[in-house]
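In case you want the letters, here they are:
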Protein chains: 2
Amino acid sequence: MAVGPSVLPVFHQIDGVRLGIASAGIKKAGRKDVVVIECPEGATVVGVFTKNAFCAAPVQIAKQHLAQATPRYLLINTGNANAGTGKQGLVAAQQCCELLAAQMGVTAEQILPFSTGVIGEPLPVAKIEAVLSAAKQDLSEANWAVAGEGILTTDTRAKGATAAIEVNGQLVHINGIAKGSGMIKPNMATMLGFVATDAKIEHELLQQMLRTATDRSFNRITVDGDTSTNDACILIASGQSAEINQADEAAMTAFQTALDDVMRSLAHDIVKDGEGATKFVEITVSHAATQDEAIEVGFTVAHSPLVKTALFASDANWGRILAAVGRANVDALDVDKINIWLGDVQIVLNGGRNPDYTEAAGSAVMAETFIRIQIDLARGEVEDTVWTTDLSHDYVTINADYRS
Amino acid sequence: MAVGPSVLPVFHQIDGVRLGIASAGIKKAGRKDVVVIECPEGATVVGVFTKNAFCAAPVQIAKQHLAQATPRYLLINTGNANAGTGKQGLVAAQQCCELLAAQMGVTAEQILPFSTGVIGEPLPVAKIEAVLSAAKQDLSEANWAVAGEGILTTDTRAKGATAAIEVNGQLVHINGIAKGSGMIKPNMATMLGFVATDAKIEHELLQQMLRTATDRSFNRITVDGDTSTNDACILIASGQSAEINQADEAAMTAFQTALDDVMRSLAHDIVKDGEGATKFVEITVSHAATQDEAIEVGFTVAHSPLVKTALFASDANWGRILAAVGRANVDALDVDKINIWLGDVQIVLNGGRNPDYTEAAGSAVMAETFIRIQIDLARGEVEDTVWTTDLSHDYVTINADYRS
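Not measured: the values here are computed from a predicted model. (Residues numbered from 1 in each chain as written. Chains lettered and ligands numbered in written order. Predicted model: local features only at pLDDT ≥ 70, side-chain atom pairs only at ≥ 80, totals over all residues. Heavy atoms only, no water.)

Engineer: Just give me the short version of the UniProt feature "binding site: substrate" (unreviewed entry) in chain A, but keep the residues and values in it.
Structural biologist: With numbering matched to this structure, UniProt assigns "binding site: substrate" (unreviewed entry) to Thr153(A), Lys179(A), Thr190(A), Glu275(A), Asn399(A) and Ser404(A). Considering the arrangement of structural elements, one finds Thr153(A) in the loop between helix H5 (144-150) and strand S6 (159-167). (UniProt positions renumbered as here; feature names shortened; annotations may be inferred. Helix = DSSP H or I, 4+ residues; strand = E, 2+ residues; numbered from the N terminus.)

If you want it as structure tokens, here you go:
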């Protein structure tokens, strides 16, 4: 089950960024399960990682390596998350880096490892080792779509986005691929995103732009509220096209907007492919006093099992939305000022049922596949948006039957 | 669906506390849906109420009246929550108090109103008015079991508990009844608890004892994480048996323990009757640095849809428990020191899979109806426990189909 049509874009090439795909049979024979992404010399590479205290071995190694050197290769495997594997897991992740480094003639610190799949099983290093030269042979700038397939686990479809902007007469491109159909699926785990541009951007600015875009995309989605042990998103700037720097604010803004668009598109694709999803839901909280409280209210509504089951049932059960807003961790919320809309239909007026509201109008909105909930707190000037999906029988089936 | 056998205790009588039940046909004809509880003159009455910012009209009125006068009657209706009803709802709740006050010859401020049921519909005051004299006629100290039935909504069974202790040669009794099969069910809403004792206890001490017992019972359970707009628990001390006061620490401790037992038993009954529940789950977090972090970790695991679906599937999916602990909001958690047990089976040793763990051993524990999860954080000396249930297909069915 997934929401809306499955469409991969026609990717641009990102000069200097090549991708190679191979089948190591880590979990299933014949499945594309190893992807290598090459960053050219002189590229800038930044990342954001899961805040789960139990972060997986590859996440720990990737963070270390990023601090030690400029990455030349990303090594991604599916079918095994190398999480909950203790010291052995760290050794295995490092081994993979050393093997690929030897293959490519770089140092192990120049490799960033990423794993996604079953938690708690030892990583089959030998299987990965066996296909590294095949992945190397396969390296090509034209491989974005195939790599988008190669990083999937329980996803029902590949997720990709692309954008191009003009910076001082030069075309700058951004490509992204991602995987994930829940904030966590701890046996076949996690959200991964790989984004690359041919722009030339120095490290600190690139890191700041990635953080900003993450806060406008991956950090605003939820399927089940469970944060993965393996989440990571990497942004590569190959530096083969125009330079973007602090001195040119127009170019910076244009690039940030394009990056936001690419990453938001990937984030939305993950929600639409959420486990058991039948609806795509946008929750906007307006007139909040702070961004924190806007997000708190948005996620409290997005995580409510009662709101999510009502969405699944296409039931305009406004009392459930109201109760979720009321239990959000917001100080001194004046409920008598709150207004709530379902699509264009106002359901709550000044904290109570809108007298003009009719069930028929609410039900018409809820019958749609794309649903917008707007909550006006009347406390300040901040607005923020989160995206989520519904809670269906299929969610329970997928997660209750997963290991059996 | 509910967990374990359905057993109401043989209630003691609480001298001075009489209960009357009537059928007003608020939602369904013939159903017992109005309960009046009489507190004798000289009784002490205290309450705890929902912290949801959208608290229902009866909750607002009950809090006001409790501050203004010593209650003589509680008036409870099911079938309509009188929540999300704005000023009209406050007027309706106050009207009910005035009508019962006139019937009983007391002031309206001596009445506490409680409502549970559909949100957002006007309270049918006339229907309630029509049966107040019947409820008055029915008042009896022997009516605890019938009153336990009379406050139910979507509950599949009545919930009651009773205890007796000896205080300085006198028998002191505690009775309690409760309703609820989720922290919230916003159309037929809420958790309500009514507890009475014949002990004589002054107001401040009684309030403190109720808060303590609530923190050891109702504030430690969750079905779906959604806090209701109507939750309330009332404790009446009729003062017809022994006095309990600060001067007699042994009696205070004995009473608090008995009160905890009664309220914990009611709280457990609510979890066991949780929507779609097939398991009763106790989560103990030990060696936490603070009580807050013990509760945070406990509830994060208890609310995880992935842990809950694994419980439903009897799947010893320890990675999901570990990931939930890791995302709990606890500063500087040292995951390498964490140990986790499923029943008596250690699944996580020092933050990783216990090498001695076998799936067979884990699955045997998960196949039980009563499941204990113990999480040792190795950070301090505090222990706390929360109780929850699983997430089943029936939960989705109940909440997706509820209004159709």
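Still to come is the rest of the account.
Engineer: Any details on the packing of aromatic side chains? Residues and values, ideally.
Structural biologist: Using the criterion set out here, one finds 6 aromatic pairs over all chains in the structure. Between Phe114(B) and Phe194(B), the ring centres sit 5.2 Å apart and the planes meet at 85°, which makes this aromatic pair edge-to-face. Taken as a pair, Phe114(B) in strand S5 (residues 111-118) and Phe194(B) in strand S8 (residues 192-197) lie far apart in primary sequence, 80 residues in all. Residue class for Phe114(B) comes out buried when judged on its relative accessible area of 3%. Aromatic pair Phe280(B) and Phe370(B): ring centres 5.7 Å apart, planes at 55°, arrangement tilted. With Phe280(B) in strand S11 (residues 280-288) and Phe370(B) in strand S15 (residues 370-376), this residue pair connects regions lying 90 residues apart in the sequence. Taking the ring centre of Phe280(A) as reference, the NZ or CZ of Lys272(A) above it sits at 5.2 Å. (Phe/Tyr/Trp six-rings, centres within 6.5 Å; stacked < 30°, edge-to-face > 60°. Buried < 20%, exposed > 50% of the residue type's maximum accessible area, 1.4 Å probe, protein only. Lys NZ or Arg CZ within 6 Å of the ring centre and 35° of its normal.)

Engineer: Account for the pattern of salt bridges, naming residues and giving values.
Structural biologist: Opposite charge on two side chains allows them to pair when their charged atoms are near. In this structure the tally under the stated criterion is 13 salt bridges over all chains. In this structure, the salt-bridge partner of Lys159(A) is Asp273(A), at a minimum N-O distance of 2.7 Å. With a gap of 114 residues between them, Lys159(A) in strand S6 and Asp273(A) in the loop between helix H7 (249-272) and strand S11 (280-288) connect regions that are remote in the sequence. Asp273(A) shares its class with Lys159(A); the two are buried. Between Asp334(B) and Lys337(B) there is a salt bridge; the shortest N-O distance is 4.0 Å. A residue is classified by how much of its surface remains accessible, and Asp334(B), at 35% relative accessible area, is partly exposed. For Lys337(B), a relative accessible area of 45% puts it in the partly exposed group. Where salt bridges share partners, they join Asp155(A), Lys159(A) and Asp273(A) into one cluster. (Salt bridge = Lys/Arg side-chain N within 4 Å of Asp/Glu carboxyl O.)

Engineer: Explain unusual backbone geometry residue by residue, including any values.
Structural biologist: Phi angles above zero are rare outside glycine, and His287(A) is one such case at about 50°. Along the chain, the position of His287(A) falls in strand S11. Despite not being glycine, Asn82(B) shows a phi value in the positive range, around 45°. Of note, Asn82(B) is situated in the loop between strand S4 (73-80) and helix H2 (86-104).

Engineer: Give me the sheet that holds strand S7 (residues 170-179) of chain B: which residues, what numbers.
Structural biologist: All names here are of chain B. Pairing is mixed across the open sheet formed by 5 strands, whose spatial order is S3-S10-S8-S7-S6. Single-partner strands in this sheet number two, and they are strand S3 (44-49) and strand S6 (159-167). Adjacent strand axes in the sheet meet at a mean angle of 10°, parallel and antiparallel pairs treated alike. Inspection of the sheet shows S3 paired to strand S10 (residues 232-237) by 6 bridges, in the antiparallel sense. Each residue of the ladder has a partner; that of Val46, found in S10, is Leu235. Lying on the sheet, helix H6 (residues 249-272) is in contact with S6, S7, S8 and S10; it crosses S6 at an angle near 170°. (Pairing = 2+ DSSP bridges. Axes fitted to C-alpha atoms, helices over the stretch in contact; angles between N-to-C directions. Contact = heavy atoms within 4.5 Å.)

Engineer: Help me get a handle on the pairing of strand S4 (residues 73-80) of chain A, residues and values and all.
Structural biologist: Residue and element names in this part refer to chain A. Within S4, 8 of the 8 residues are buried, which leaves the element mostly enclosed by the surrounding structure. Relative to S4, strand S2 (residues 34-38) runs antiparallel, the two sharing 5 bridges. By the bridge assignment, Val36 is partnered in S4 with Leu75.

Engineer: Describe the side chain of Thr385(A), listing the residues and the values that go with them.
Structural biologist: Residues and elements named next belong to chain A. By the element assignment, Thr385 lies in strand S16 (residues 382-389). The buried category is assigned to Thr385, whose relative accessible area is 15%. A polar atom in the side chain of Thr385 sits 3.0 Å from the side chain of Thr284. (Polar contact = N/O pair within 3.5 Å; in protein donor to acceptor, adjacent residues only side chain to side chain.)

Engineer: Give me the lowdown on the confidence of the model for chain A, citing residues and values where you can.
Structural biologist: All names here are of chain A. Confidence in the prediction for chain A averages 88 pLDDT; 95% of positions are at 70 or higher. Helix H4 (residues 132-138) holds the highest mean pLDDT among the elements of chain A, 98, whereas strand S9 (residues 221-222) holds the lowest, 74. Taken together, the stretch residues 183-189 has pLDDT below 50 and engages in 47 contacts with residues farther than four places along the chain or on a different chain. (pLDDT = per-residue confidence, 0-100.)

Engineer: Talk me through the sheet that holds strand S3 (residues 44-49) of chain A; I want residue IDs and the actual numbers.
Structural biologist: All names here are of chain A. Ordered in space as S3-S10-S8-S7-S6, the 5 strands form an open sheet in which the pairing is mixed. Both edges of this open sheet fall to S3 and S6, since each of them pairs with a single strand only. Recorded for the sheet is a direction-independent mean angle of 10° between the axes of neighbouring strands. Bridging between strand S8 (residues 192-197) and strand S10 (residues 232-237) involves 6 bridges; their strand directions are parallel. Each bridged residue has a counterpart across the sheet, and for Ala196 the counterpart in S10 is Ile236.

Engineer: Give me the lowdown on the packing of helix H12 (residues 393-400) of chain A against helix H11 (residues 393-400) of chain B, citing residues and values where you can.
Structural biologist: Two elements in contact, H12(A) and H11(B), have axes separated by 9 Å at closest approach and are oriented at 175°. Looking at the two axes, H12(A) sits roughly antiparallel to H11(B). Contact residues: His393(A), Val396(A) and Thr397(A) in H12(A); His393(B), Val396(B) and Thr397(B) in H11(B). Class assignment for the residues of the contact of H12(A) with H11(B) results in 2 nonpolar, 4 polar and no charged. (Parallel < 35°, antiparallel > 145°, perpendicular 65-115°, else oblique. Nonpolar A, V, L, I, M, F, W, Y, C, P; charged D, E, K, R; others polar.)

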